[in-house]
Amino acid sequence: MKITEVKMRRFVFDQTKQPFHPTWRPFPETHQDVMVVEIHTDEGITGIGAGGLMTAMNTAGAFFVGKDPLAIEEHWHLLRGVAHFMGRPWPVENALWDIAAKKAGVPLAQLLGGRHDKLLAYCSTGEIHSPEQRVEDVLKIRDLGFKAVKLRFHNPDWRVDLKVLDAVRKAIGDTMKIMVDGNWGWYIPPDPRLHPWDRKTARTVARELEHYDVFWLEEPLYAYDYEGLAELRANTTVRIAGGELNTGLHEFEVYHEKRSLDVYQPDCTFAGGITVARKVAGMAEAANLLFAPHTWTNGIGLAANLHVAAAASNCPFIEFPYAPPNWVPEYRDFMLTEPLMIDRDGYLHVPDAPGIGVTLDEDRLKSLEQK
Ligand SMILES: [Mg+2]
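Note that this is a predicted model, so its numbers are computed, not measured.

## Looking at the overall build of the protein chain
Right, so step 1: Secondary structure summary: the protein chain contains 13 helices and 12 strands in total.
Right, so step 2: Relative to the compact-globule value of 21 Å for 371 residues, the protein chain shows a C-alpha radius of gyration of 20 Å, a close match.
Right, so step 3: Based on the C-alpha atoms only, the size of the protein chain along its principal axes is roughly 60 × 45 × 40 Å.
Right, so step 4: The burial tally for the protein chain puts 56% of its 371 residues in the buried class.

## As for the environment of Gly-248
Right, so step 1: Tracing the backbone shows Gly-248 in helix α9 (residues 248-258).
Right, so step 2: By relative accessible area, which is 14% here, Gly-248 ends up buried.
Right, so step 3: Residues contacting Gly-248, with those up to four places away along its chain left out, are Ala-271 and Val-276.

## Digging into the environment of Arg-134
Right, so step 1: With respect to the helices and strands, Arg-134 occurs in helix α5 (residues 131-144).
Right, so step 2: The exposure class assigned to Arg-134 is buried, which follows from its relative accessible area of 6%.
Right, so step 3: Taking the C-alpha atoms as reference points, Arg-134 and Leu-151, separated by 17 residues in sequence, lie 8.9 Å from one another.
Right, so step 4: Beyond its immediate stretch of four places on either side in the chain, Arg-134 contacts Thr-125, Glu-127, His-129, Leu-151, Val-164 and Val-168.
Right, so step 5: At a separation of 2.7 Å, a polar atom in the side chain of Arg-134 contacts the main-chain carbonyl oxygen of Glu-127.

## Some details on the packing of α9 against helix α10 (residues 273-286)
Right, so step 1: Close contact between α9 and α10 brings their axes to 10 Å; oriented N to C, the two are set at 15°. Of the possible angle classes, the one that applies to α9 and α10 is roughly parallel. Viewed along their axes, α9 and α10 form a crossing whose handedness is right-handed. Taking contact as the criterion, the partners of Gly-248, Leu-249, Phe-252, Glu-253 and His-256 in α9 are, on α10, Val-276, Lys-279, Val-280 and Met-283.
Right, so step 2: By residue class, the composition of the contact of α9 with α10 is five nonpolar, two polar and two charged.

## Digging into the sheet that holds strand β2 (residues 31-41)
Right, so step 1: Across the sheet, three strands lie side by side as β1-β2-β3; this open sheet has antiparallel pairing. Whereas interior strands pair on both sides, the edge strands pair on one side only; in this sheet they are β1 (3-14) and β3 (46-50). Each adjacent strand pair in this sheet contributes to an overall mean axis angle of 20°, direction not counted.
Right, so step 2: Bridging between β1 and β2 involves 11 bridges; their strand directions are antiparallel. Of the residues in β2, the one forming a bridge with Met-8 is Val-37.
Right, so step 3: Its contacts with the sheet put helix α3 (residues 90-104) on β1, β2 and β3, and the angle it makes with β3 is roughly 145°.

## What to know about the coordination of the magnesium ion
Right, so step 1: For the magnesium ion, the full set of protein donor atoms is Asp-181 (OD), Glu-218 (OE) and Glu-244 (OE), and the range of their distances to it is 2.0 to 2.2 Å.
Right, so step 2: Of note, the magnesium ion draws all its donor residues from one chain, in the sequence arrangement D-x36-E-x25-E. Of this pair, Glu-218 sits in strand β7 (residues 216-218) while Glu-244 sits in the loop between β8 (239-242) and α9; the two residues are 26 residues apart in sequence, bridging distant segments of the chain. In this pair, the class of Glu-218 matches that of Glu-244, namely buried.

## Structural notes on the packing of aromatic side chains
Right, so step 1: Inspection of the entire model under this criterion finds 22 aromatic pairs.
Right, so step 2: Plain terms: the ring middles of Phe-20 and Trp-24 are 6.5 Å apart, the flat faces sit at 75° to each other, and that makes the pair edge-to-face.
Right, so step 3: The buried category is assigned to Trp-24, whose relative accessible area is 13%.
Right, so step 4: Here Phe-20 and Trp-327 contribute two aromatic rings whose centre-to-centre distance is 6.3 Å and whose plane-to-plane angle is 45°, an arrangement assigned as tilted. With Phe-20 in the loop between β1 and β2 and Trp-327 in the loop between β11 (318-321) and α12 (329-332), this residue pair connects regions lying 307 residues apart in the sequence.
Right, so step 5: Since its relative accessible area comes to 2%, Trp-327 is described here as buried.
Right, so step 6: An aromatic cluster of at least three residues, connected via ring pairs, comprises Phe-13, Phe-20, Trp-24, Trp-296, Trp-327, Tyr-331 and Phe-334.
Right, so step 7: The ring of Phe-215 carries the charged tip of Arg-239 above its face, separated from the ring centre by 4.0 Å.
Right, so step 8: Just above the ring of Trp-76 sits the side chain of Lys-279; from NZ or CZ to the centre is 5.9 Å.

## So, the domain arrangement of the protein chain
Right, so step 1: Assigned domains of the protein chain: these are domain 1 (3-106) and domain 2 (111-349).
Right, so step 2: Using C-alpha coordinates to define each centre, domain 1 is positioned 23 Å away from domain 2.
Right, so step 3: Counting from both sides, the interface comprises 39 residues of domain 1 and, opposite them, 43 residues of domain 2.
Right, so step 4: Between domain 1 and domain 2 lies a buried interface of about 3,200 Å² when both sides are counted; carbon and sulfur atoms form 64% of it.
Right, so step 5: Broken down residue by residue, the surface that domain 1 buries against domain 2 is led by Thr-23, Trp-24 and Arg-88, which jointly contribute 23%.
Right, so step 6: The interface formed by domain 1 and domain 2 holds one salt bridge in total.
Right, so step 7: When the shortest N-O distance is used, the salt bridge between Glu-73 and Lys-279 registers 3.2 Å.
Right, so step 8: Scanning the region where domain 1 abuts domain 2 turns up 19 residue pairs in polar contact (both at pLDDT 80 or more).
Right, so step 9: Mapped onto the side of domain 1 that touches domain 2, the elements with two or more residues apiece are β1, β2, β3, α2 (72-86) and α3.
Right, so step 10: Examining the composition of the side of domain 1 that touches domain 2, we find that eight residues originate from one element, α3, more than from any other.
Right, so step 11: Of the residues assigned to the side of domain 1 that touches domain 2, the class counts are 21 nonpolar, 11 polar and seven charged.

Definitions and limits used
- Residues numbered from 1 in each chain as written.
- Predicted model: local features only at pLDDT ≥ 70, side-chain atom pairs only at ≥ 80, totals over all residues.
- Heavy atoms only, no water.
- Helix = DSSP H or I, 4+ residues; strand = E, 2+ residues; numbered from the N terminus.
- Rg over C-alpha atoms; globule rule 2.2 N^0.38 Å.
- Buried < 20%, exposed > 50% of the residue type's maximum accessible area, 1.4 Å probe, protein only.
- Contact = heavy atoms within 4.5 Å.
- Polar contact = N/O pair within 3.5 Å; in protein donor to acceptor, adjacent residues only side chain to side chain.
- Axes fitted to C-alpha atoms, helices over the stretch in contact; angles between N-to-C directions.
- Parallel < 35°, antiparallel > 145°, perpendicular 65-115°, else oblique.
- Left-handed = near helix turned anticlockwise from the far one by under 90°.
- Nonpolar A, V, L, I, M, F, W, Y, C, P; charged D, E, K, R; others polar.
- Pairing = 2+ DSSP bridges.
- Donors = N, O, S within 2.8 Å, 3.2 Å for Na, K, Ca; no water.
- Phe/Tyr/Trp six-rings, centres within 6.5 Å; stacked < 30°, edge-to-face > 60°.
- Lys NZ or Arg CZ within 6 Å of the ring centre and 35° of its normal.
- Domains from an automatic or database assignment.
- Buried area = accessible area lost by both parts, 1.4 Å probe.
- Salt bridge = Lys/Arg side-chain N within 4 Å of Asp/Glu carboxyl O.

Shown next, in the form of structure tokens:
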């Protein structure tokens, strides 16, 4: 089998409801701008990937033409070179795995190890809401079947966030797990970074979270404060999570060596592909730690991470980005024929079609494609 074309397609989907104000970006989101890579082969198998804007691949795609798509580890080294100079090309690597699993005729999760065919999903919220509003939100998502929810702590004063957690825990009792995400690991420009937590603040927050049986505290400090994370982790019973935007195996090796994290969260569309994400899962497993990949990109990225997570033995939950009325499956997965949704018991099932198992909705995409 040979690669015949690496094709980049870009789609813009306007948000039809109110603008979305997630804690990790300093300006509201009003639309999705998604770049999808398609890798075509001479056997008629096409692989797809998406997550981030891979503008470099408009030129770098030519490097792959004529090569065997199944030589993924070899292509990974080439993509690492692209990443050094031209952004994050990792959806290209995801598309190669899509081809490999399609060629094998099995879902990608099976090719990678086949540990699970479904995972418990946690509802990943995005915005800061008042205690009353957040309680109402969480009760609704519990009715949908979710067994876990992640709250954002990003107010200038974390005590305001704590009031939200207090209200939610009182409302749901022990019927759901709760995670907390500080979103202090990285910054989208022009974020003025007015009130990030320092090490002492993070330690105070973690101590408070212990009283609410919070399952993990994510990105309480800057992602490269390896020692700060390690110190925090050693001084709290709350699990410390991170790594969603880190790049490459070597950064995770530093987390590992410094004992910075309890939960490793590489996103296969950002971190260095499925190749790196599965190695990080193994690294965590060897130390009796957890693996729970970040998935917040779009339906294709979510599905790719779901396969990696389902193949691992140490993934307790899959992140399910869901923040109505803005971030709902129909918006997040606008490019797919079938948006991904949990079942009534809170599980997200691995698509059972060969490969990543999602299909582009070509009829709908016709009017959204940017030429
Ligand atoms: Mg996060």
